[in-house]
Amino acid sequence: MNKAYKYRIYPNKAQEELFAKTFGCCRFVYNQMLALQEDNYQNKIKHMSAFDANNHCNRVLKIDYPFLKEVDKFAITNSIYALETGYQKFFKKQGGYPNFKSKHYSKNSYTTNFTNNNIDVLDHVVKLPKLGKVKAAIHRGVPDGYKLKSATVSQERDKSYYCSVLYEYEISTMPVLVQKVVGLDYKSDGLYASSDEEICGSPKYYRKSANKLAKAQRNLKHMQAYSSNYNKQQQKIAKVYRHISNQRKDFLHKESTEIANQYDLVCVENLNMQKLSNKGFGNGKATLDNGYGMFINMLLYK
């Protein structure tokens, strides 16, 4: 099985510049290959595989654009494979057609692969290719026997950086005797009501931060668009949103872990949360704020 550990990292100025270059190069190659695939389709040329697309990048793009050699080669390769994954989902009618990535609106992230000890998690630092040791908050250790596979670096809207390190490990599965069973019913003004007559309310973190968020957004309204103060205020708004999201995830993780440890089988109703949150019911904010769909996903893998 695979398990990821996500750490907050604190790069210096030089490392931030290299992160920005890597994000930009991955986005550039992704868009270049997407444009090439579309041209091939218009000219009735066979769709390029991920292997052929990667060879094209190494033999053509890196010669025409030498700046691509300055960043981690695995990051660029993984962006090409991500595009191919998007195409395959589109061909299987499991998703929409891949879109071009925007510099201002697309998420900044890239994935690099582990080889020759180029990635490592040490005390207070994370070692990454091309970057060396990056200061990090290592809040939990990795058990013995875990095999490091890859690392994903991401930048949030509030300019904070994170590194998600993926590990592979083996587990021994044994048949489990089902003894304790519980049924969970969705509760619109909370989270769930169980068959054991327990009711779990929702902390409503979005509601609690609504005034602070509204004030920050009002301040943004009176600033000149894309000015220095405008960008700073956008980061403040993003920080409020991230705080709300982290609060919600923390609450749902604790609830789902408690249920997974207490019961052998959990029965839940199959609901479409997107339809429940539409304007017709009048409780869209409450439905999206309690995170019931995320809660079910957490239960599923735990």
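Structure shown above.
Note that the structure is a prediction, hence the values are computed from the model and not measured.

Student: Teacher, can you tell me more about the nonpolar core here?
Tutor: Inside soluble globular proteins, nonpolar side chains tend to come together where they are buried. With 38 residues, the main nonpolar core has I9, F19 and L128 as its most contacted residues. Secondary structure elements with two or more residues in this core: β1 (2-10), α1 (13-42), α2 (50-64), α3 (73-91), β4 (125-128), β5 (132-137), β6 (147-155) and β7 (161-168). Among the elements that line this core, the one with the most residues is α1, at 9 residues. Membership of the second largest hydrophobic core comes to 23 residues, among which are V182, L191, M298 and L299.

Student: Any chance you could explain a negative patch on the surface here in plain terms?
Tutor: Side chains of D196, E197, E198 and E258 sit close together on the surface and give a patch of like negative charge. Structurally, the position occupied by E198 is in the loop between β9 (192-194) and β10 (199-200). What makes E198 partly exposed here is its relative accessible area of 44%.

Student: What is the right way to read the packing of aromatic side chains from this model?
Tutor: The geometry of an aromatic ring pair comes down to the distance between the two centres and the angle between the two planes. Counting across every chain of the model gives 18 aromatic pairs. Considering the side-chain rings of F90 and Y97, the 5.2 Å spacing of their centres and the 85 degrees angle between planes classify their relative orientation as edge-to-face. The class of F90 is partly exposed, set by a relative accessible area of 34%. Classification of Y97 by relative accessible area gives partly exposed; the value is 33%. Plain terms: the ring middles of Y192 and F295 are 5.6 Å apart, the flat faces sit at 10 degrees to each other, and that makes the pair stacked. Here Y192, found in strand β9, pairs with F295, found in helix α9 (residues 292-301); they are 103 residues apart in sequence, far enough to count as distant. Just as Y192 is buried, F295 falls in that class too.

Student: I keep staring at the packing of α1 against α3 and nothing clicks. Help me out?
Tutor: For any two helices packed against each other, the geometry comes down to the angle between their axes and how far apart the axes lie. The N-to-C vectors of α1 and α3 enclose an angle of 40 degrees; their axes lie 9 Å apart at closest approach. Between α1 and α3, the angle falls in the class oblique. The crossing of α1 and α3 is right-handed. In contact with T22, C26, V29, Y30, M33, L34, Q37 and E38 of α1, α3 contributes A75, I76, S79, I80, A82, L83, E84 and Y87. In terms of residue class, the contact of α1 with α3 is made up of 11 nonpolar, 3 polar and 2 charged.

Student: Would you explain empty space enclosed by the protein in this entry?
Tutor: Take a probe with the size of a water molecule and roll it over the atoms, and the empty space left behind shows itself. Evaluation of the coordinates by the stated rule reveals 1 cavity of 30 Å³ or more. The space that makes up the largest cavity amounts to roughly 50 Å³. Lining the largest cavity are M33, Q37, S49, A50, A53, I80, L83 and E84. Mapped by element, the contributors of at least two residues to the lining of the largest cavity are α1, α2 and α3. Among the elements that take part in the lining of the largest cavity, α3 stands out by supplying 3 residues, more than any other.

Student: Sorry, what's going on with the sheet that holds β7 here?
Tutor: Where strands meet in a sheet, backbone hydrogen bonds hold them as pairs that are either parallel or antiparallel. The antiparallel open sheet is built from 7 strands, whose spatial order is β2-β6-β7-β1-β5-β4-β3. At either margin of the open sheet sits one strand with a lone partner, and together these are β2 (108-113) and β3 (120-122). Sheet twist, expressed as the mean angle between neighbouring strand axes with direction ignored, is 35 degrees. Direction of pairing for β4 relative to β5: antiparallel, over a ladder of 4 bridges. Bridge pairing in β5 places V125 opposite K135.

Cut-offs and rules
- Residues numbered from 1 in each chain as written.
- Predicted model: local features only at pLDDT ≥ 70, side-chain atom pairs only at ≥ 80, totals over all residues.
- Heavy atoms only, no water.
- Core = buried A, V, L, I, M, F, W, Y, C linked by side-chain atoms within 4.5 Å.
- Buried < 20%, exposed > 50% of the residue type's maximum accessible area, 1.4 Å probe, protein only.
- Helix = DSSP H or I, 4+ residues; strand = E, 2+ residues; numbered from the N terminus.
- Patch = residues over 30% accessible without salt bridge, like charges linked within 9 Å, V, L, I, M, F, W, Y side chains within 5 Å.
- Areas by Shrake-Rupley, 256 points an atom, 1.4 Å probe, with all protein chains shown as cover.
- Salt bridge = Lys/Arg side-chain N within 4 Å of Asp/Glu carboxyl O.
- Lys, Arg positive; Asp, Glu negative; His and termini not counted.
- Charge placed at Lys NZ, Arg CZ, Asp CG, Glu CD.
- Phe/Tyr/Trp six-rings, centres within 6.5 Å; stacked < 30°, edge-to-face > 60°.
- Axes fitted to C-alpha atoms, helices over the stretch in contact; angles between N-to-C directions.
- Parallel < 35°, antiparallel > 145°, perpendicular 65-115°, else oblique.
- Left-handed = near helix turned anticlockwise from the far one by under 90°.
- Contact = heavy atoms within 4.5 Å.
- Nonpolar A, V, L, I, M, F, W, Y, C, P; charged D, E, K, R; others polar.
- 1 Å grid on protein atoms, 1.4 Å probe; cavity = no way out; pocket = protein on both sides within 12 Å on 5 of 7 lines; lining within 4 Å.
- Points joined across faces, edges and corners; volume = space filled by probe spheres on them.
- Pairing = 2+ DSSP bridges.

No statement about biological role is implied by the geometric values presented.
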